[in-house]
Amino acid sequence: MFKNKIIIVLFSLATLFGCSKEPEKIKLIKETNQKVEMISAYKEGMNLLEMGDYYAAGKKFLEAEILFPQSQWASKSVLMASYSYYMQDYYSLAIQNLKRFFNTYPNDENIAYAHYLLAMCYYETIEGEKKDLAPLTLSKKELNFIIKNYPETDYAYDARFKIDLINDVLAAKEVYIGRHYVKKKKWIPALNRFKNVLENYETTVHVEEAIHRLVEIYFKLGMEEESLKYASLLGYNYNSGEWYAETYKIFNKKYKVSIPKTKKEKSKILRKIKDLF
C-alpha cells in the first residue's frame, strides 16, 4: 500500500512540474512493485504446494505469471502451475497450461521438463486395454520425443521404462481385439492383430498368447504347416509356459515338435519407477 502511494505521489508531481524524466522513474518503480508482487505470489504458491493445496497453488502461480510476464520467473510459474494441477489430478488443466507454455516460451531452459510433465499427464490417464487408446499414443509420442531430443537426461531414462509399460498395454489391446475377431470367426483380422504383437511388441508378456492364437487359427483353417511353424517358435522360446501347453493340446499329440532344452532370454522391462519430480 505504501509503495502504491509513492507511485501516486510521483505521478502527481510529474503532471504538476512536467518533468520529462519523471515518467521513466515512475515506470521503473512500477516494474519494481510488480516484481515484488510477483515474487510474493510465487512464494505463496510454493507454500500452498507444500501444504498440499494444489489447486490453490496452481492459481497463485498463474497469478504470479500475470503480475510480471516479462520476468524469467513467468515461465517457471506456468510450469509450477501445471505441476500443481498434475498433483491434484486435474490433468486437462495441466495439459492446457503446458501447451500454452510451449507456444509462449518455446526456448525456455526447462523445455525438456515441460515435455516430460506433459507425457506424465497423458500417462496417468491410461486405464487399460479396454479403454481409450488416445492417452497411450499421446504419452508414447511425448516420451519418444524426450528420448530422441534429450537422451542424456533423467527424463529420458524414466521415459524408456514407461514406454515398456505403454507397449505392454498396447499389446494387450491387440490381443483383446484379436480374441474378439476369433469369436466372430473373422480369421484374417484376427491374424493381423496377433502378428502385430509379434512384430511391434515382441518384448511384452503378450507374445506367448499371440503365438498360441496364430497356431490355433492356422490349425482351424487347415494350414497345418503354418500352424506347426508358430508352434515351433512358441516351443523354442516358451517351452515351459502355459500357452505352450495349450498349443500342444491343439495337435492332440499327433505331431512331435523338436524343442531345444535351452530357453531364450527376454529383455523385457516392465516395472514403473518413481516419477522424477
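Residues numbered from 1 in each chain as written. Predicted model: local features only at pLDDT ≥ 70, side-chain atom pairs only at ≥ 80, totals over all residues. Heavy atoms only, no water.

Caption draft 1: Local environment of the overall build of the protein chain. Broken down by element type, the protein chain carries twelve helices and zero strands. The linear arrangement of helices and strands in the protein chain, starting from the amino end, is α-α-α-α-α-α-α-α-α-α-α-α. Classification of the 277 residues of the protein chain by burial places 42% in the buried group. Across the protein chain, the fraction of contacts at a sequence separation of at least 24, relative to all contacts at a separation of at least 6, is 57%. When the accessible surface of the protein chain is split by element, carbon and sulfur atoms take 54% of a total near 16500 Å². (Helix = DSSP H or I, 4+ residues; strand = E, 2+ residues; numbered from the N terminus. Buried < 20%, exposed > 50% of the residue type's maximum accessible area, 1.4 Å probe, protein only. Contact = heavy atoms within 4.5 Å. Areas by Shrake-Rupley, 256 points an atom, 1.4 Å probe, with all protein chains shown as cover.)

Caption draft 2: Geometry of the environment of Glu-246. Following the sequence through the fold, Glu-246 ends up in helix α12 (residues 242-250). Taking the relative accessible area as the measure of exposure, Glu-246 reaches 35% and is therefore partly exposed. For Glu-246 and His-212, which are 34 residues apart along the polypeptide, the C-alpha to C-alpha distance reads 7.6 Å.

Caption draft 3: Examining helix α7 (residues 134-149) more closely. With 16 residues, α7 ought to run about 22 Å at 1.5 Å a step, and its terminal C-alpha atoms sit 23 Å apart, in line with that. Of the positions making up α7, those classed as buried are Pro-135, Leu-136, Ser-139, Glu-142, Leu-143 and Ile-146. Looking straight down α7, one finds its buried side chains confined to an arc of 140°; they lie on one side. Exposed residues on α7 whose side chains face more than 90 degrees from its buried face are Lys-141 and Lys-148. If you follow the buried residues of α7, they end up packed against α6 (111-123) and α8 (154-183). (Expected span 1.5 Å × (residues − 1). Arc of directions from axis to C-beta.)

Caption draft 4: Main features of the pattern of salt bridges. In this structure the tally under the stated criterion is ten salt bridges. With a closest N to O distance of 3.6 Å, Lys-60 and Glu-44 form a salt bridge. Placement of Lys-60 in helix α3 (residues 54-67) and of Glu-44 in helix α2 (residues 22-51) is noted, with a sequence separation of 16 residues between them. A salt bridge links Glu-209 to Arg-179; the nearest nitrogen and oxygen atoms lie 2.7 Å apart. Of this pair, Glu-209 sits in helix α10 (residues 207-220) while Arg-179 sits in helix α8; the two residues are 30 residues apart in sequence, bridging distant segments of the chain. (Salt bridge = Lys/Arg side-chain N within 4 Å of Asp/Glu carboxyl O.)

Caption draft 5: Layout of the nonpolar core. Counting residues in each nonpolar core, the largest one holds 68 residues, and the members touching the most others are Tyr-86, Phe-101 and Phe-194. Take this core: its biggest share by element is eleven residues, from α6. Setting aside chain neighbours within four positions, we find Phe-101 in contact with Ser-75, Val-78, Leu-79, Pro-106, Asp-108, Ile-111 and Ala-114. (Core = buried A, V, L, I, M, F, W, Y, C linked by side-chain atoms within 4.5 Å.)

Caption draft 6: The packing of α10 against helix α11 (residues 224-238), seen in detail. Across the interface, α10 lies against α11 with an axial gap of 7 Å and an inter-helix angle of 160°. When the interaxial angle is binned, α10 and α11 end up roughly antiparallel. Considering how the two elements wind past one another, α10 and α11 form a crossing that is left-handed. Touching Val-207, Glu-208, Ile-211, His-212, Leu-214, Val-215, Tyr-218 and Phe-219 of α10 are Glu-224, Glu-226, Ser-227, Tyr-230, Ala-231, Leu-233, Leu-234 and Tyr-238, all from α11. (Axes fitted to C-alpha atoms, helices over the stretch in contact; angles between N-to-C directions. Parallel < 35°, antiparallel > 145°, perpendicular 65-115°, else oblique. Left-handed = near helix turned anticlockwise from the far one by under 90°.)

Caption draft 7: Summary view of the confidence of the model for the protein chain. Here the protein chain averages 79 in pLDDT, while 77% of its residues score no lower than 70. Mean pLDDT across the elements of the protein chain bottoms out in helix α1 (residues 2-17) (33) and peaks in helix α5 (residues 91-104) (95). Note on residues 1-21: pLDDT under 50 across the span, and 15 contacts to partners over four residues away in sequence or across chains. Scored below 50 in pLDDT, residues 257-277 shows 52 contacts in the model against residues more than four places distant or in partner chains. (pLDDT = per-residue confidence, 0-100.)

Caption draft 8: Structural context of the packing of aromatic side chains. Counted under the stated rule, the structure contains 13 aromatic pairs. A centroid spacing of 6.0 Å and a plane angle of 70° characterise the contact between Phe-101 and Phe-102, whose relative ring orientation is edge-to-face. Take Phe-101 and Phe-102: they sit in the same class, and that class is buried. Clustering of aromatic rings is evident, with ring pairs tying together Tyr-42, Phe-61 and Trp-73. Lying over the aromatic face of Tyr-123, Lys-162 brings its terminal NZ or CZ to 5.6 Å of the ring centre. (Phe/Tyr/Trp six-rings, centres within 6.5 Å; stacked < 30°, edge-to-face > 60°. Lys NZ or Arg CZ within 6 Å of the ring centre and 35° of its normal.)

Caption draft 9: How the structure looks around α10. In this model, α10 (14 residues) spans 20 Å end to end at C-alpha, consistent with the 20 Å of a helix rising 1.5 Å per residue. For α10, the tally of buried residues reaches twelve of 14 residues, placing the bulk of the element in the interior. All of the buried residues in α10 are Val-207, Glu-208, Glu-209, Ala-210, Ile-211, His-212, Arg-213, Leu-214, Val-215, Glu-216, Ile-217 and Tyr-218. Elements that come into contact with the buried residues of α10 comprise α8, α9 (187-200), α11 and α12. Immediately beyond the C-terminal end of α10, within one or two residues, lies Gly-222, with a positive phi of roughly 80°.

Caption draft 10: How the structure looks around the packing of α7 against α8. For the pair α7 and α8, the least separation of the axes is 9 Å and the interaxial angle reads 150°. One element, α7, and the other, α8, form an angle in the roughly antiparallel class. Every pair of crossing elements has a handedness; the one defined by α7 and α8 is left-handed. Residues Leu-136, Ser-139, Lys-140, Leu-143, Asn-144, Ile-146 and Ile-147 of α7 touch α8, and the partners they reach there are Tyr-155, Ala-156, Ala-159, Arg-160, Lys-162, Ile-163, Ile-166, Asn-167, Val-169 and Leu-170.

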